[in-house]
Amino acid sequence: MRSRRTAFWSLIILFIGMVLVAGNGCNQSSTAPAKEVVIAVSHQPCVHALPTYMAMTKGWDKADGFKIDYQFYASGPPQNEALASNKWEVGAEGAVPGMLAAIRYGAYIIAISNDESETNDLWVRPNSPILKAKGVNPKYPDLYGSAETVKGKTILLTTASTGHYAVIATLKALGLSEQDVKLVHMEQSQAMAAFEAGQGDIVQLWAPFDYIGEGKGWKKMSSGKRAGVVVPGVVIASKKAFEENPEKVAKWLKLYMRGIGEMKANPGESAKLLNAYYKEHGLTLDDKALAQEFSLRPIFDTKEQLALFAKKDGAPSQVEKWMSDLADFFVQQGRITPAEKEKFMKGNFINDKILKML
Amino acid sequence: MAELTSRFRPKAHVLPIASLFLMVALWQLVVGTGNFGKALPSPMAVARQFWLMLFEPIGRTSLYGHIWASLVRVLSAFVVAIITGIPLGLLMGWNKKFEAMVKPIFEMFRPIPPIAWIPLAILWFGIDETPKIFICFIGAFVPVVMNAYTGIRFTEPMLLDAARMLGGNRRQLFTEVAIPSAMGAIFAGLQNGLSLSWMCVLAAEMVGAQEGIGYLILLGMDMSNPAMIITGMLLIGAIGAAIAVLLRYAEKRICPWKREISM
Amino acid sequence: MEARDIDVTNPNTRNSGACRGPQPKIAAQNVCKSFAGIGGAVTEVLRDINLAVVENEFLVILGPGQCGKTTFLNIVCGLDQPDSGSVYLDGEEVVGPDPKRGMVFQRMALFPWSTVMENVAMGPKLRGIGRKEREEKAAHFIELVGLAGFEKSYPHQLSGGMKQRVGIARAYCNDPEVLLMDEPFGHLDAQTRYQMEDEVLRIWGQAKRTVIFVTNNIEEAVYLGNRIVLLGRCPASVKAEYAIDLPWPRRYTDPKFLALRKEIADNSDLAL
Amino acid sequence: MTTRPPSSPDSGAGERLAIAPAPGEQPQAATSAGAAGKSKRAIAGRPQASGSLWWLSLLSVTGFLLFWYAIVRFEIISQALLASPEQVLTTFISKLTSRAPDGATLGANFITSLKLCLTGYISAVCVGVPLGLIMGWFRKVDEIVKPLFEMIRPIPPIAWIPLAILWLGIGLPAKAYIIWLSAFVPSVINSYAGIKLTEPVLISVSRTFGATNWETFLKVGVPSALPMVFTGLRLSLSSAWMTLVAAELLAGSEGLGYMIQMGRTLARPDVIIVGMLTIGCTGAAMGYLLEKLERKLAPWRRS
């Protein structure tokens, strides 16, 4: 028995050795040389990650003497959880995770990455009766559907998200409330699979899922923009980075805005880079979708952003208005308490201090 | 059952392979009826997708890179579960005081789904390899501890008497009688731990992975490409089953005295 | 039943079993034991057992099934505690199990994960004796019980009789002063049983130890023992003692053997 | 999860199942602590009943809570990372009544999850146990079903979501299917191992009475597999709870899994921990109940 037991344990020890060696081998975290300034940047598989990707591929960061430690997250929640454990300093994410990062972890919204109102949209099948009526409510001309055709329908959506915000705005525009329809919460990929399998009547998607939906022949019925709400993509700086070394954040933001300028200047060439970025993360979009990433999602250069952030004699800035409407929606849904909204609006988390340094 | 693995009689393999082909034929038939439309890909589509993935890399690495990444996560979690789970289970089964202390906490954390651990995993371990291994570990840990525990509790009192008669003290009874007699249950626990660790690899790779079979499946979901999803599922199924056979072989080598009755 | 001749030297120490003689090897003084059943009902098993066994004597405890023989043996071995009374080995009270008292179990209790060699060498191993030395000792006893060549096989590969030999070799290998055997042949077919009875006598002949052999089979008792202690029905107490002064090798068909058997049978409550 | 007793020391006739007292041997209780009178020394090495040590369990649970409180209190892990016990407690109490932040009270979530978990669990066991028994008994069935079973077993439940949606829609059946998949595995394994434990001699005994293979299966195979089947039931239950979040990931607007998911989206670690602890305690409580039921139904079984 003695020999067999040692055989068993030596097998195990060998196993660990092999696995640990392989383990480190495959995730060689980039240990930057001490002297160089490193900034940890976090992004998602969205167009608002392109400026950073552009800066890295074109080597702008090395030119400016610092290195971007790029971190990729599938969606908002893991990105925020990583922020909570100080894994990154700056990053871009949707309005909702941005707001929660400010409320929970004291992060600052330092810029707008793009206006995602048009790409938080609702889709129906091509043969759906909802498409018959258009612009029933004069205030919202390009909104399909009417109270009768939408009442009692099942909507597949991701609750507590910008998509949900667009759905409620659409219902309000059609004179309906949440109780008139059946809302079913699903993550984006499940919602798409369910809609394709014939479940539900309307499905709420956001980029890049809505392009895939469009590819399947689904028709866009409404969007945040068409229902009159603005959904900004935000750029976040962690509390530590914003308060302790704003210069480093400013260095990165300068490159980010340079990227946005580049995207505004020649969308065609940027689309190719965007395709490379998506491919690296496994997403394959056709050219039409890539073009839409630029046409449907307006972006603002530094000057425009300063205007958006500017406070005209005490009145809240445009960005603050957008964010407070979103916060109101979350309070009305019971997701955050009014006190948390107050803290968010009063805490000066929406802050153009870095923008001014550029 | 023992014949199936220990002696490779040609006849023994006819039925299992036949059943696999039967399954594929049934699958083709169901797709043929067409009432599931494009959402259920045909076996051919899945084969084509698999062939495509063999050559063209997805995300950062090729299919082999993905398989290797998932394999490393599952196996390192499995090994850590062995090193921590078996001693804990054995001690819990053997020492009343230790059991009274550890069991209530263990029983409470046992049913918590691994996915529920993702937020805490990210908060505590960040986003690279460690949280992923932690999630797989959570899956593998539970059955390993449970089986080691029951293995000890079922030690034959007659054997304990025999060892005490031969002059063994309490510690020797533990190492020389209780542990060997629990080996059978321990290996059953390892089988379960391995398959549960595989079941959690997808949840682990929801923590923001860039490579791995789970990542491929999630990608297939996001890109609404059912063929990739099913390829990922079959890959995990095949690799999981292959390692299970390897483990069973290791069990035969290490405990040759056992009468083969576990799956 | 033809006569079987076994060349066992006739033990010169004839003793009539009385306790007068020299210090008894093992002495049990009014040992009592009872068990709490599941429903809390207390069942008395042993009542005031008094017994003395002399050095190198082959004592047989004969009694009907279910009468506490195994419990008594466990108490002598130290695996169990008597409720009252106590057992002495060489005058020293028995508290727990001790290598001085080796036991052969009714259900053999071999370690299924160890080979024959490892099973037999387990005693010395537990007492920390080096590998080479203990394997030599084990080999000697394996050879003694006639299992040479089976060192590497596992218990589940052996027949009932062979397993029991391993049990005996294992007990002997721990060089006990007393050998306790609890109905070791209870599970063997008749043919193997006769064979094993001769084997035990042969082994005992070559390696003299004090033996307490428990059985419920009269022929076996008369065939083997220097002395027979007869236990009554549960709760067991000593009914009678018989000294067997038949010379070895004894034969089942020997008239004196049969007479003795009849005398014991009449007195005991064993079903004949 | 196979928890099966090691095979008894001596094979062949009269093998004593570790889980049933030996026929014919007088009732020497496994832990034969003397009923009356002095017992000189506790019989070392025998696993005794652990009923008397509840105060130690209480001590360790409070110790764990203190440890958790200390970590958060002394900022070893910051408040944002791990909610402190009292924060979790206040959230727990508030959740009992209020619907924030996930739109349903804790009770409603609990009921939905319980319903879902039980449907998945019961259907899984009703299929798994018979299949395991039949697979263990009839070699043909074993050879057909085994490869499929080995293939399906490691597949993560989340991967089944698209197919579940496709086949069963987005209601309870689809979610219960996800739970069915993972709860089904342990019951098959344990029933399979249980029936393989049947003593060969009992089979030959029933054959001598002229019972057909099927009758032997029912009269001898199944009863002797029962103890293992019960262990399988307990393990299936804990597997069912473990896939609750995966099932509710499919779709949902209510349930503990949905609550945990919402806790993640809204960055509320306390809601997440409340969800986790509720699942933990319910799973443990149901496991305990099953153990009690098992002890009543199969009293001969030594736990």
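How big an interface is tends to be reported as the loss of accessible area on association of its parts. Counting from both sides, the interface comprises 81 residues of chain D and, opposite them, 85 residues of chain B. Together chain D and chain B conceal approximately 8000 Å² of surface at their shared face, both sides included; 71% is due to carbon and sulfur atoms. Counting across the interface, chain D meets chain B through one salt bridge. A salt bridge links Arg248(B) to Glu150(D); its shortest N-O distance comes to 3.5 Å. Top element by residues in the side of chain D that touches chain B is helix H4 (residues 139-152) of chain D. It accounts for eleven residues. Here the residues of the side of chain D that touches chain B are counted per class, giving 52 nonpolar, 14 polar and 15 charged.

Moving on, we come to the packing of helix H4 (residues 76-84) of chain A against helix H6 (residues 118-125) of chain B. Relative to each other, H4(A) and H6(B) sit at 35°, their axes nearing to 8 Å. The hand of the H4(A)/H6(B) crossing is right-handed. For the pair H4(A) and H6(B), contact is made by Pro78(A), Glu81(A), Ala82(A) and Ala84(A) and by Pro119(B), Ile122(B) and Leu123(B), respectively.

The strands making up a sheet are joined through hydrogen bonds of the backbone, oriented either antiparallel or parallel. All names here are of chain C. If you trace the four strands from one edge of the open sheet to the other, you get E2-E1-E4-E5, paired in antiparallel fashion. Bordering the open sheet on either side are strand E2 (42-53) and strand E5 (92-93), each of which pairs with just one other strand. Sheet topology note: the strand E4 (residues 84-89)/E5 ladder contains two bridges and is antiparallel. If you follow Tyr 88 over to E5, its bridge partner there is Glu 93.

Another point: the confidence of the model for chain C. Residues and elements named next belong to chain C. Overall, the prediction assigns chain C a mean pLDDT of 81, with 90% of residues at 70 or greater. Per-residue pLDDT, averaged within each element of chain C, yields its smallest value for helix H8 (residues 255-267) (82) and its largest for helix H2 (residues 116-120) (91). The ipTM assigned to the predicted complex is 0.78, against a pTM of 0.81.

This next bit is on the environment of Val166(C). All names here are of chain C. Within the element layout of this structure, Val 166 appears in helix H5 (residues 160-173). Look at Val 166 and you get buried, because its relative accessible area is 1%. For the pair Val 166 and Ala 52, spaced 114 residues apart in the sequence, the C-alpha separation amounts to 28 Å. Other than its neighbours up to four places away in sequence, Val 166 contacts Leu 110, Val 116, Asn 119, Val 120, Leu 147 and Leu 158.

Taking 1.5 Å per residue, 29 residues should reach 42 Å; helix H12 (residues 226-254) of chain B reaches 42 Å between its end C-alpha atoms and fits that length. Most of H12(B) sits out of view: 21 of its 29 residues are buried.

With that settled, consider the layout of surface pockets. Empty pockets left among the atoms are what a rolling probe the size of a water molecule brings to light. The calculated volume of the second largest pocket comes to roughly 970 Å³. What lines the second largest pocket is a set of 28 residues, and nearest its centre among them are Met23(B), Trp27(B), Leu148(D), Ile152(D) and Trp160(D). Those elements giving two or more residues to the lining of the second largest pocket turn out to be helix H2 (10-33) and H12 of chain B together with helix H3 (106-137), H4, helix H5 (161-168) and helix H6 (172-196) of chain D. Counting residues per element, the lining of the second largest pocket draws most heavily on H2(B), at eight residues. Taken together, the residues that form the lining of the second largest pocket break down as 28 nonpolar, no polar and no charged.

For the rest of this paragraph, the subject is a nonpolar patch on the surface. All names here are of chain B. A cluster of nonpolar residues, Met 23, Val 24, Leu 26, Leu 29 and Val 30, forms a patch on the protein surface that exposes about 430 Å² of accessible area. When you line up the elements, Leu 29 lands in helix H2. By relative accessible area, Leu 29 is classed as exposed at 61%.

Residues and elements named next belong to chain C. Domain parsing of chain C yields domain 1 (1-100 + 176-272) and domain 2 (110-174). Listed as interface residues are 18 residues of domain 1 and, on the opposing side, twelve residues of domain 2. Interface of domain 1 and domain 2: buried area, both sides summed, is about 1200 Å²; carbon and sulfur atoms make up 69% of it. On the domain 1 side of the contact with domain 2, Pro 99, Met 196 and Ile 203 bury the most area, a combined 35% of that side's loss. For the pair domain 1 and domain 2, the interface holds one salt bridge. A salt bridge links Arg 165 to Glu 199; its shortest N-O distance comes to 3.5 Å. Our enumeration of links across domain 1 and domain 2 arrives at four residue pairs in polar contact (both at pLDDT 80 or more).

The rules behind each value
Residue indices follow the written sequence of each chain, beginning from 1 at its first position. The order in which chains are written sets their letters, starting at A; the order in which ligands are written sets their numbers, starting at 1. Given that this is a predicted model, residues contribute local features only at a pLDDT of at least 70 and side-chain atom pairs are listed and counted only at 80 or more, while totals for whole chains, interfaces and linings are drawn from all residues. Excluding hydrogens and water, the side-chain figures rest on all heavy atoms present in the structure. By definition, residues are in contact when any of their heavy atoms lie within 4.5 Å. Values labelled buried area give the accessible surface lost by two parts on being combined, using a 1.4 Å probe and summing over both. Between Lys or Arg on one side and Asp or Glu on the other, a salt bridge is scored when a side-chain nitrogen of the former is within 4 Å of a carboxyl oxygen of the latter. For helices the rule is a DSSP run of H or I covering at least 4 residues; for strands it is a run of E covering at least 2, with both sets numbered from the N terminus onward. By the convention adopted, Pro, Cys, Tyr, Trp, Phe, Met, Ile, Leu, Val and Ala count as nonpolar, Lys, Arg, Asp and Glu as charged, and the other residues, Gly among them, as polar. To obtain an axis, a line is fitted to C-alpha atoms, over the contacting stretch when the element is a helix, and the angle between two such axes runs from 0 to 180 degrees between their N-to-C directions. Crossing handedness: left-handed means the near helix sits turned counterclockwise from the far one by under a right angle, and right-handed means the same turn made clockwise. Any two strands with at least two DSSP bridges between them are considered paired. pLDDT measures how confident the predictor is about each residue, on a scale from 0 to 100. Here's how the labels work: a residue is buried when its accessible area is under 20% of the maximum for its type, exposed when over 50%, partly exposed in between, all with a 1.4 Å probe on protein chains only. Residue count minus one, scaled by 1.5 Å, sets the expected span of a helix. Lining residues are those with an atom within 4 Å of a point, where the points come from a 1 Å grid over the protein atoms alone and group into cavities, where a 1.4 Å probe fits but cannot get out, or pockets, open sets with protein on both sides within 12 Å along at least five of seven lines. Grid points are joined across faces, edges and corners, and a volume is the space filled by probe spheres set on the points. Only residues above 30% relative accessible area that lack a salt bridge enter a patch, with like-charged residues linked at up to 9 Å and the nonpolar side chains Val, Leu, Ile, Met, Phe, Trp and Tyr linked at up to 5 Å. In these tables, accessible area is a Shrake-Rupley quantity obtained with a 1.4 Å probe, and a residue counts as shielded only by the protein chains included in the view. Those domain boundaries reflect an automatic or database domain assignment. In the analysis that follows, any N or O atom pair within 3.5 Å is treated as a polar contact, provided that within protein one partner can donate a hydrogen and the other can accept it, and provided that, for residues neighboring in sequence, both atoms belong to side chains.

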